[in-house]
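# Coordinates in review
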Amino acid sequence: MSQATISERAAGQLQLSGVLDYSTGPLLREQGARLIAASSAKSLALDCSAVEKSSSVGLALLLAFMRDARKAGRELTISALPDDMREIAQVSGLLELLPLQA
Amino acid sequence: MSAEHEYAIELQGVSFQRGARSIFDKVDIRIPRGKVTGIMGPSGCGKTTLLRLIAAELRPSAGDVRVDGVSLPKLSRDELFDMRKQMGVLFQSGALFTDLDVFENVAFPLRVHTKLPEEMIRDIVLMKLQAVGLRGALDLMPDELSGGMKRRVALARAIALDPQILLYDEPFVGQDPIAMGVLVRLIRLLNDALGITSVVVSHDLAETASIADYIYVVGDAQVLGQGTPAELMESDNPRIRQFMKGIPDGPVPFHFPALDYREDLLGRG
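Residues numbered from 1 in each chain as written. Chains lettered and ligands numbered in written order. Predicted model: local features only at pLDDT ≥ 70, side-chain atom pairs only at ≥ 80, totals over all residues. Heavy atoms only, no water.

Chain B is annotated in an unreviewed UniProt entry as Intermembrane phospholipid transport system ATP-binding protein MlaF of Pseudomonas sediminis. For the record of chain B, the UniProt heading Subunit (unreviewed entry) holds the text "The complex is composed of two ATP-binding proteins (MlaF), two transmembrane proteins (MlaE), two cytoplasmic solute-binding proteins (MlaB) and six periplasmic solute-binding proteins (MlaD)." Per UniProt, chain B carries the Sequence similarities (unreviewed entry) text "Belongs to the ABC transporter superfamily. MlaF family." (UniProt positions renumbered as here; feature names shortened; annotations may be inferred.)

Chain A has the name Anti-anti-sigma factor in an unreviewed UniProt entry, where Pseudomonas sediminis is given as its organism.

Structure follows, in structure tokens:
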């Protein structure tokens, strides 16, 4: 079974880490939704530098968190997208839709 | 999957008999990781049987089939089930569920094999359909699709679970030139961008030669020849001597008309 977490390291600073796949996806979805709803920060930054490996599930998580942030009226940016996620995003035409920050 | 094994798939001394007839007799085939490998030969030479041996739907009469160094004939039923999840298969017929629409056809493996919430299943289905250019066709039924579109939907379904290995059984049969060009482009794109190991079983020389990094020609229960398409073009063997150019992409757009992608995924902003 793969391991993964999403945590708020400082106000508005979210970090995804571990392996994003079909086994870890459902729980990450719930944890992320709770964090975004509970965060007091106006804008949110999601750091993906600690993601070890990701399938399409990782991209679906990013989209879900973008919807959460929009619903909560908060801005969300995404940083340090790993190569495997970038490749999947490219093939599925998502690169232009993700709020990526260098 | 580990990257230790240079070959994603290895057949070692594989024999397969059907009744008294020998379909394969001590065949050795090695499929390099991350490449497109063509398996070619005349109809009825056992190419589909070969795919079924790799997918562990059939057991060899003798010899070994290894995927990532793991011997398939030795695996338990549960282990085989897990192994198959890492392999996507595009069947010759397309084999879509005729009573399910395009969306549900692609969602099917996600519903069977994962516990993802509905919104994430939708994201992944839209991503896969976008990749094959058919997101706009999501609520069509299979009988409303052209042959080429059916095959692209089947491809979206085959990659729904992000397989490491994709097996294509005669992907070009019955396709018009534009559909063939689209398929060739997609197979190559998925292979290169996602690091997938692709095995294309086909008797269409031109398309397979245009896409494959390496080709095995099988016939008479043997491997008749192997090499890069360029090497095979020099071959004296009459069965493998004639290769043609692949048909390029035409003016027909790749994407079926669709809603705005951003809105479709994220809602109206």
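The structure having been displayed, the exposition proceeds.
### Side note on the packing of aromatic side chains
Residue and element names in this part refer to chain B. A full pass over the atoms with the stated rule returns two aromatic pairs over all chains. Relative to Phe 108, the ring of Phe 97 lies with its centre 4.6 Å away and its plane at 55°, an arrangement referred to as tilted. Linking Phe 97 in the loop between β6 (87-90) and α3 (102-113) with Phe 108 in helix α3, this pair joins segments that are 11 residues apart in sequence. Judged by centre distance (5.6 Å) and plane angle (65°), the ring pair of Tyr 214 and Tyr 216 falls under edge-to-face. (Phe/Tyr/Trp six-rings, centres within 6.5 Å; stacked < 30°, edge-to-face > 60°. Helix = DSSP H or I, 4+ residues; strand = E, 2+ residues; numbered from the N terminus.)

### Focus: the UniProt feature "domain: STAS" (unreviewed entry) in chain A
Per the UniProt record, "domain: STAS" (unreviewed entry) is found at residues 14-102 of chain A. Taken end to end, residues 14-102 of chain A is 44% helix and 29% strand, and its two terminal C-alpha atoms sit 16 Å from one another.

### A few points about the side chain of B:Ser202
Residues and elements named next belong to chain B. On the secondary structure map, Ser 202 appears in strand β8 (residues 197-202). Within polar-contact distance, the side chain of Ser 202 engages the backbone nitrogen of Asp 204 at 2.8 Å. There is a polar contact of 3.2 Å between the side chain of Ser 202 and the side chain of Thr 208. Aside from chain neighbours lying at most four places away, what touches Ser 202 is Ile 39, Met 40, Gly 41, Lys 47, Glu 170, Phe 172 and Thr 208. (Polar contact = N/O pair within 3.5 Å; in protein donor to acceptor, adjacent residues only side chain to side chain. Contact = heavy atoms within 4.5 Å.)

### A look at the sheet that holds strand β3 (residues 43-54) of chain A
Two pairing modes exist for strands in a sheet, parallel and antiparallel, and in both the strands are linked by backbone hydrogen bonds. Residue and element names in this part refer to chain A. On the basis of which strands lie adjacent, the open sheet formed by five strands has the order β1-β2-β3-β4-β5 and mixed pairing. The two strands at the open ends of the sheet, each matched to only one other strand, are β1 (4-10) and β5 (100-101). With seven bridges joining them, strand β2 (residues 13-20) and β3 adopt parallel strand pairing. Bridge pairing in β3 links Gln 13 to Ala 45. (Pairing = 2+ DSSP bridges.)

### Remarks on the nonpolar core
Core analysis: the biggest nonpolar cluster contains 85 residues, and A:Leu16, A:Leu46, A:Leu59, A:Leu62, A:Leu94 and B:Leu155 have the highest contact counts within it. Top contributing element to this core by residue count: helix α2 (residues 56-71) of chain A, with nine residues. For this core, the domains that each give at least three residues are domain 1 (1-86 + 163-225) and domain 2 (98-162) of chain B. In this structure, A:Leu94 is in contact with A:Leu59, A:Leu63, A:Ala89, B:Met127, B:Tyr261 and B:Leu265, ignoring residues within four places of it in sequence. Counting residues in hydrophobic clusters, the runner-up holds 32 residues, among them B:Val65, B:Leu75, B:Met83 and B:Val201. (Core = buried A, V, L, I, M, F, W, Y, C linked by side-chain atoms within 4.5 Å. Buried < 20%, exposed > 50% of the residue type's maximum accessible area, 1.4 Å probe, protein only. Domains from an automatic or database assignment.)

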